[in-house]
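One-letter residues, chain by chain:
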Amino acid sequence: MEARAALEVQWVSEQLGQPFLIENRPGAGTNIATEAVVRAPADGYTLLLVAAANAINTTLYEKLNFSFIRDIAPVAGIIVVPNVMLVNPSVPAKTVPEFIAYAKGNPGKINIASGPIGGPSHVMAELFKMMTRTDMLLVSYRGVAPAVTDLLGGQVQVMFNSLPASIEYIKAGTLRALAVTTATRSEPLPGIPTMGEFVPGYEASQWYGVGAPKHTPTEIIEKLNKEVNAALADAKMKARLASVGGTALSGLPADFGKLIAEETEKWAKVIKFAGIQPQ
C-alpha cells in the first residue's frame, strides 16, 4: 500500500504542475524516512509521506531520535483506505457475530495472520481481539503477501488486509469478507458491512498525508495545503482514489493534525494492552 500511496503523491504533484521527486527511504517501519525529514531544512522543499505507521511507531518504539508529533508539522491529508476482515472459506462463520462466537467457542485454536509486528494489519487484529475479548493465535509474517498466501491455503483462518490488496480475492470467492474497518461502507464493496455495525466503536484505516519539518513557515504550509486540496477535488483524482477503494482526506492542516493525534492515542492503548514489542 505504501508504494501505491507514493503513486498518489506523484499524481497530486502532477496536478500541482510542480512534480515532486519521490525518494524512498525504507526501513524501521518508516522511522528512517521520518528522521530524514525531521533533519531537513524547514523550507517546504522536503516533505514526508505521513502514514498510519507514524502514529503507531510513536508508542511501539521506546527510543526514537525524534518525536513525530513535535518534529513533523501536518500539512494535508491525501487518502484514507479501509482494511477488510477476511476469512478462509473453510471458516464456518459468515458474519462478524458468527465469527466472534466461533472464536470464543475455540479459544486459542484460530490462527490470525498479520504482516510485520506493529504494522497496520497487526494492530487492527489486536484491536479486534481487545474489543471482542477473543483469544486467537497471532501468526506474523515479514510481509503481507506471504500471510495472504497462507490464508488462501488455510494454514491461517483470518486476517485484516487492505482493501486494494484483497478485492480480487473477494470477487473471486477465494476469500470471504466479513467487514470493512472504516466507519462507513466502502464504495467498491457496498454489500460488506462495517465492523462498527457489530463491534460498536471499532474503526481503523490506512491513511496517508503530507508532513513537513517543524518550523516550516505557516504561509508555506498553508500554500501546500491549498494546492493539495485543490488536486484532491479534481474529478480524475477522486476517480483514481476510488479505484483503490479510498476516499480523499481533504481538510486544513489542523484537521490532519487532529487525526494524527487521535490515531496516536488509539494505537498506544492497543500496543500497551497487547504488549506489542518491535522486532
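Remember, predicted model here, so these are calculated numbers, not experimental data.

Student: Before we move on, could you go through the overall build of the protein and cite the residues and values that matter?
Tutor: The number of helices and strands found in the protein is 11 helices and nine strands. Each of the 279 residues in the protein was classed as buried or not, and the buried ones make up 49%. Look at the contacts in the protein between residues 6 or more apart in sequence, and 76% of them connect residues 24 or more apart. Element-wise, carbon and sulfur atoms account for 55% of the exposed surface of the protein, whose accessible area totals about 13,100 Å².

Student: For the pairing of strand 6 (residues 158-162), give the residues involved together with the corresponding values.
Tutor: Judged by how many residues are buried, strand 6 sits mostly within the fold: five of five residues are covered. Alignment of strand 3 (residues 83-87) against strand 6, held across five bridges, turns out to be antiparallel. Bridge assignment links Asn83 to a residue of strand 6, and that residue is Ser162. As paired strands, strand 4 (residues 111-114) and strand 6 are joined by two bridges and run parallel to one another. Note on strand 6: the bridge partner recorded for Ile112 is Val158.

Student: Tell me about the pairing of strand 7 (residues 176-180), and name the residues and values.
Tutor: Each regular strand displays side chains that alternate between the two surfaces of the sheet. In terms of burial, strand 7 is a largely internal element, five of the five residues being buried. The pairing of strand 3 with strand 7 spans four bridges and is classified as antiparallel. From the neighbouring strand, Val84 faces strand 7, where its bridge partner is Val180.

Student: Could you give an account of the side chain of Thr194, naming the residues involved and the relevant values?
Tutor: Here Thr194 lies in the loop between strand 7 and strand 8 (206-213). Judged by its relative accessible area of 4%, Thr194 is buried. Discounting residues that sit within four places of it in the chain, Thr194 has contacts with Ala179, Val180, Thr182, Ala183, Thr184 and Arg185.

Student: Mind laying out the confidence of the model for the protein, listing which residues take part and the relevant values?
Tutor: Residues at a pLDDT of 70 or more form 90% of the protein, whose mean pLDDT is 89. Low confidence marks residues 1-12, where pLDDT is under 50. Its contacts with residues over four positions away, or in another chain, come to 31 contacts.

Student: Which residues make up the packing of aromatic side chains, and what are the values?
Tutor: Counted under the stated rule, the structure contains five aromatic pairs. Plain terms: the ring middles of Trp207 and Phe256 are 5.9 Å apart, the flat faces sit at 90 degrees to each other, and that makes the pair edge-to-face. Taken together, the residues span a long stretch of sequence, with Trp207 in strand 8 and Phe256 in helix 11 (residues 253-274) at a distance of 49 residues. Residues Trp207 and Phe256 agree in their burial class; the two are buried. Pairwise contacts between aromatic rings join Phe99, Tyr102, Phe128, Phe160 and Tyr202 into one cluster.

Student: Quick one: what's the story with the sheet that holds strand 9 (residues 247-248), residue by residue and with numbers?
Tutor: If you trace the four strands from one edge of the open sheet to the other, you get 1-8-2-9, paired in antiparallel fashion. In this open sheet, the two strands that pair with only one neighbour each are strand 1 (48-51) and strand 9. With eight bridges connecting them, strand 2 (residues 72-81) and strand 8 associate as antiparallel partners. Bridged to Pro74 within strand 8 is Gly211.

Student: Please give an account of the nonpolar core that cites residues and values.
Tutor: Of all hydrophobic cores here, the largest spans 31 residues; its most connected members are Met85, Val96, Phe99, Phe128, Phe160, Met195 and Tyr202. Those elements that provide at least two residues to this core are helix 3 (52-60), strand 3, helix 5 (96-105), helix 6 (120-132), strand 6, strand 7 and helix 11. At five residues, helix 6 tops the list of elements feeding residues into this core. When sequence neighbours within four positions are dropped, the list of residues in contact with Tyr202 reads Met124, Leu127, Phe128, Met131, Phe160, Thr181, Met195 and Gly196.

Student: Report on helix 10 (residues 235-243), specifying residues and quantitative values.
Tutor: Each turn of an α-helix holds 3.6 residues, which means side chains three or four residues apart point in the same direction. A side-chain oxygen of the first residue of helix 10 lies 2.9 Å from the backbone nitrogen of Lys236; this N-cap is Asp234. At the exit of helix 10 stands Gly245, carrying a positive phi of roughly 80 degrees.

Student: Run through the pattern of salt bridges, naming residues and quoting values.
Tutor: Counted by the stated rule, this structure contains seven salt bridges. Residue Arg185 pairs with Glu197 through a salt bridge whose shortest N-O separation is 3.1 Å. Of the two residues, Arg185 is situated in the loop between strand 7 and strand 8 and Glu197 in the loop between strand 7 and strand 8; the sequence distance between them amounts to 12 residues. Put simply, Lys266 and Glu263 hold a salt bridge, and the shortest N to O gap is 3.0 Å. Taken together, the residues Lys266 and Glu263, both in helix 11 and three residues apart, mark about one turn of the helix. With a relative accessible area of 19%, Lys266 lands in the buried category. Salt bridges linked by common partners bring Arg70, Asp71 and Lys214 together as one network.

Conventions used here
- Residues numbered from 1 in each chain as written.
- Predicted model: local features only at pLDDT ≥ 70, side-chain atom pairs only at ≥ 80, totals over all residues.
- Heavy atoms only, no water.
- Helix = DSSP H or I, 4+ residues; strand = E, 2+ residues; numbered from the N terminus.
- Buried < 20%, exposed > 50% of the residue type's maximum accessible area, 1.4 Å probe, protein only.
- Contact = heavy atoms within 4.5 Å.
- Areas by Shrake-Rupley, 256 points an atom, 1.4 Å probe, with all protein chains shown as cover.
- Pairing = 2+ DSSP bridges.
- pLDDT = per-residue confidence, 0-100.
- Phe/Tyr/Trp six-rings, centres within 6.5 Å; stacked < 30°, edge-to-face > 60°.
- Core = buried A, V, L, I, M, F, W, Y, C linked by side-chain atoms within 4.5 Å.
- Polar contact = N/O pair within 3.5 Å; in protein donor to acceptor, adjacent residues only side chain to side chain.
- Salt bridge = Lys/Arg side-chain N within 4 Å of Asp/Glu carboxyl O.

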